[in-house]
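Take a look at the letters that make up each chain.
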Amino acid sequence: MRPNWKSAVLSLTLSFAAINADVLAQKLPSGPQVLTFFSDADDTEQPYGLYLPANFDENKKYPLVIMLHGAGSNHRLALRRVFGKSNAEGETDVEATRYFPKWDNVDYIVASPYARGTAGYQGVPEQDVYDVLADVKRRFKIDEDRTYLTGLSMGGGGTLWIGLTRPDIWAAIAPVCPAPPAGTFDLAPNATNFPVHFFHGDADPVVPVAGTQKWVSHLQDLGAEVSYKEFVDVKHDSWVNAYDNEYIFQWFDDYKRNPHPDRVRFVSRQYKYDKAFWVTFNRMAVGKLAEIDAKFTKENALDIKTQNLEKFTLNLKDHPKFKPGAGLTLKIDGSNVNAKTDSVITFFRESGGGKWAVEGATIMSIYTGKKKGAEGPIYAAFASRHVYVYGTADNPSPEELKKRVDIATQAASWSQYRGEFLGRIMFFPRVLADKEVRPSDIESSNLILFGTKETNALIAKHADMLPVHLKKGDTAHGLFYVLPMEGHYIAVSSGLPWWTGVKDEGFPFVSVMHRKLPEFKDIIFFKDSSANLLIDNYFTQEWKLDDDTKRKLSASGAVDITP
């Protein structure tokens, strides 16, 4: 039988290819560069700056610094800034963006998210930061206990928000002249879980230094490990001093995360941010700040204090002060609680604010109220992948159809131009007619539904499950609420759109249509202008209207409440 020489050559070629795969694979160079990740929020490639140290070793675990840029800036400039590289004399940011200067090597990987431009660090931009973190961890070996966060101005505020909402990720954080979003100060107790270094100029005319001074004083009172450098006669460019000579890396060098601390102090308003180290919040009082202070007093003995918390879980596996098989002593809010020595234990407060008890798996499995991924508020529907849907169910005239399309398109216009400094928010959600929404959209996206059950087929489809409906033909009111549905959120906007009457004032991190979204609760209702809300309230734990909201809605004469 004649040998098959073609098969032999193919086999030999494949063998060489397999042997040399690592050699032939493309390697990223050391130094500054730009990579991208795919964003599920709007099916786009999103850029981020990346620095790899000299003589990068792919088999070595590296510490990681996440750097957040300020308003009017970008990922490329942020990468320069954290290495202490300001613009050259007379150079604009546009010109400085075009190249990376040389700088001294540090033995860190550094990543700087673009995060859609000047859009703050909540919602989709916040998710971008975590997507960058995940992408870097996918590509490189990262030391989980040496992951750090810093940023300047808007990015300094983002450092506080992202650092304090998920405090068990970071070994230390360093906000520079921070401008944090509303509600961040309430999270200050979470800073007791890691060191914080603030920087600010005492002559800052954009972000007043008094705000940072307040933070520093409060954290000191809480017992947090806080450092502060205030620069004399420095305006809104304190990052030049803060990051000079790559100082921030020297400061980070001294800190390493303890994944199993003896004490966890944690506060949160949202199930989205439900965990810190070995503590997880399972149920919180609606609309209130839930708190826990849990600490080991000795081996297998814990003292726990709570506020506005109805259920929580401890995961003590691998904690050096937890010994399986030995007795477990717990004191919760001053009362002794008996528990088996399981490493994972869930506690619940008995009805009427009673004593704490250990909860069984059967009870846990039947809970259907507010929880992670199904908690609201309204902004939750906009914080991940979503689609804007206008109604066509009533066969509107061409003029009416155009009005509906225009409203939905305006709501989806995150990327409108805001001038040379702020530029555009690079986020591009879709706008569809109700009849164009596909099953895959329903399975993958939150839906922002415009209209009523008479005009929008998707509102009509879920009419019996929705708590309230604006009456047909009402043109004086606006009704807007969020509800979990089939693993995602739907947000129903009936009548006047939620931005009606809102003034375009203040520093426009986002457009006027979106500026108030993070402030809304689960349901709003207004007449003539959303600047004057008649209702801004949460649904109950079971996603029902409370009695006061029902009364106000009924009194308006403009809605029908679903029985």
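These notes cover the structure that comes with them. Quantities reported herein were computed from a predicted structural model and do not represent experimental measurements.

## A few points about the packing of helix H5 (residues 124-139) against helix H6 (residues 154-165)
Part 1: Remark: H5 packs on H6, axes separated minimally by 12 Å, with the N-to-C direction vectors making an angle of 70 degrees. Relative to H6, H5 is oriented roughly perpendicular. You can see that H5 and H6 cross each other, and the crossing is right-handed. Residues Glu-126, Val-129 and Tyr-130 of H5 touch H6, and the partners they reach there are Trp-161, Ile-162 and Thr-165.
Part 2: For the contact of H5 with H6, the per-class residue count stands at four nonpolar, one polar and one charged.

## Details of the side chain of Thr-549
Part 1: Summarising the element assignment, Thr-549 is placed in helix H14 (residues 547-556).
Part 2: At 2.9 Å, the side chain of Thr-549 and the side chain of Asn-537 are in polar contact.
Part 3: Each residue touching Thr-549, except ones within four places of it in the same chain, is listed here: Ile-535 and Asn-537.

## Examining the side chain of Thr-44
Part 1: With respect to the helices and strands, the residue Thr-44 is situated in strand E2 (residues 44-52).
Part 2: One polar contact links Thr-44 to Asp-42, side chain to side chain, over a distance of 2.7 Å.
Part 3: Among all residues touching Thr-44, those that are not within four sequence positions of it are Phe-37, Phe-38, Ser-39, Arg-116 and Phe-428.

## Details of the packing of aromatic side chains
What characterises a pair of aromatic rings is the spacing of the ring centres plus the angle enclosed by the ring planes.
Part 1: Using the criterion set out here, one finds 31 aromatic pairs in the structure.
Part 2: Between the aromatic rings of Phe-312 and Trp-356, the centroid separation amounts to 5.1 Å while the plane-to-plane angle is 65 degrees, which identifies the pairing as edge-to-face. Note that Phe-312 is positioned in strand E14 (residues 309-315) and Trp-356 in strand E18 (residues 356-358), a separation of 44 residues in sequence. For the residue pair Phe-312 and Trp-356, the accessibility class agrees, reading buried in each case.
Part 3: Seen from their ring centres, Phe-480 and Trp-498 are 4.4 Å apart, and the 10 degrees between their planes marks the pair as stacked. Taken together, the residues span a long stretch of sequence, with Phe-480 in strand E23 (residues 477-485) and Trp-498 in the loop between strand E24 (488-495) and strand E25 (523-527) at a distance of 18 residues.
Part 4: Following the ring pairs from residue to residue traces out a cluster consisting of Tyr-51, Phe-83, Phe-100, Trp-103, Tyr-108, Tyr-148, Phe-249, Trp-251, Phe-252 and Tyr-255.
Part 5: The positively charged end of Arg-80 is found above the aromatic ring belonging to Tyr-99, 4.9 Å away from the centroid.
Part 6: Positioned above the aromatic ring of Trp-543 is the side chain of Lys-370, whose terminal nitrogen or guanidinium carbon lies 4.7 Å from the ring centre.

Rules and cut-offs
- Along each chain, numbering runs from 1 in the same order as the chain's sequence is written.
- Local features in this predicted model are restricted to residues whose pLDDT is 70 or higher, and side-chain atom pairs enter the listing and the counts only when it is 80 or higher, whereas totals over whole chains, interfaces and linings include all residues.
- Hydrogens and water molecules were not included; the side-chain quantities draw on all heavy atoms of the structure.
- The angle between two axes is taken between their N-to-C directions and runs from 0 to 180 degrees, where each axis is a line fitted to C-alpha atoms and a helix contributes only its stretch in contact.
- Only DSSP runs of H or I covering at least 4 residues are called helices, and only runs of E covering at least 2 are called strands; the numbering of each starts at the N terminus.
- Roughly parallel means an angle under 35 degrees; roughly antiparallel means over 145; roughly perpendicular covers 65 to 115; every other angle is labelled oblique.
- Left-handed is the label given to a crossing in which the near helix is rotated counterclockwise from the far helix by less than a right angle, and right-handed is the label when the rotation is clockwise.
- For this analysis, residues touch if any pair of their heavy atoms sits within 4.5 Å.
- Only Asp, Glu, Lys and Arg are considered charged, only Ala, Val, Leu, Ile, Met, Phe, Trp, Tyr, Cys and Pro nonpolar, and every remaining residue, Gly among them, polar.
- Throughout this description, a polar contact denotes any pair of N or O atoms lying within 3.5 Å of each other; where both atoms belong to protein, one of them has to be capable of donating a hydrogen while the other can accept it, and for residues adjacent in sequence the pair is counted only when both atoms sit in side chains.
- Two aromatic rings, drawn from Phe, Tyr or Trp (for Trp, its six-membered ring), form a pair once their centres lie within 6.5 Å of each other, and the interplanar angle then sorts them: stacked below 30 degrees, edge-to-face above 60, tilted otherwise.
- Each residue is assigned to one of three classes by its accessible area relative to the maximum for its type, calculated with a 1.4 Å probe on protein chains only: buried under 20%, partly exposed between the two thresholds, exposed over 50%.
- The rule is short: NZ of Lys or CZ of Arg within 6 Å of the ring centre and within 35 degrees of the ring normal puts a charge over the ring.

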